[in-house]
Amino acid sequence: MNKKFKIKTGDTVIVIAGKDKGKTGNVSSVIKADDRVVVEGVNIVKIHKKATQESPGKIEEKEASIHISNVAHLDPKNKKATRIKYELKDGIKRRLSVSSGSLLDK
């Protein structure tokens, strides 16, 4: 089963639901098997590391994944959540913002 997502690694997204609602960041990875994405600076969790003979115990912070339905693309012009549409121009498929029509591909 090959899943297709409109959100790709490197896209700028805004969180639209959950404890980090309103935060923005770049997508660092997409986990297709679980329908989740990891966004930089969003959904920070603390991981407790047990002490060993080589290193003392510590508490680390890292970014956890968030469900793909809780994020939306960020429109580059008006900085709001938007849907995307595809346009075929000169044989090249491009992603555009629905609200402003601005180009999302880099």
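The structure displayed is predicted, hence computed values, not measured ones. (Residues numbered from 1 in each chain as written. Predicted model: local features only at pLDDT ≥ 70, side-chain atom pairs only at ≥ 80, totals over all residues. Heavy atoms only, no water.)

**Looking at the side chain of S102**
- Relative to the assigned elements, S102 resides in the segment after strand 10 (92-97).
- Of the polar contacts made by the side chain of S102, one reaches the side chain of S100; its length is 3.0 Å.
- In this structure S102 touches D75, P76, K77, R95, L96 and S97, once residues within four positions along its chain are discounted. (Helix = DSSP H or I, 4+ residues; strand = E, 2+ residues; numbered from the N terminus. Polar contact = N/O pair within 3.5 Å; in protein donor to acceptor, adjacent residues only side chain to side chain. Contact = heavy atoms within 4.5 Å.)

**Brief notes about the environment of K80**
- Counting through the fold element by element, K80 comes out in the loop between strand 7 (71-74) and strand 8 (81-82).
- Looking at K80, the relative accessible area reads 55%, which means it is exposed.
- Sequence-wise, K80 and G22 are 58 residues apart; in three dimensions their C-alpha atoms are separated by 9.6 Å.
- The residues touching K80, leaving out its near neighbours within four places in the chain, are H73, L74 and D75. (Buried < 20%, exposed > 50% of the residue type's maximum accessible area, 1.4 Å probe, protein only.)

Remember, this is a structural readout, not a statement about activity or role.
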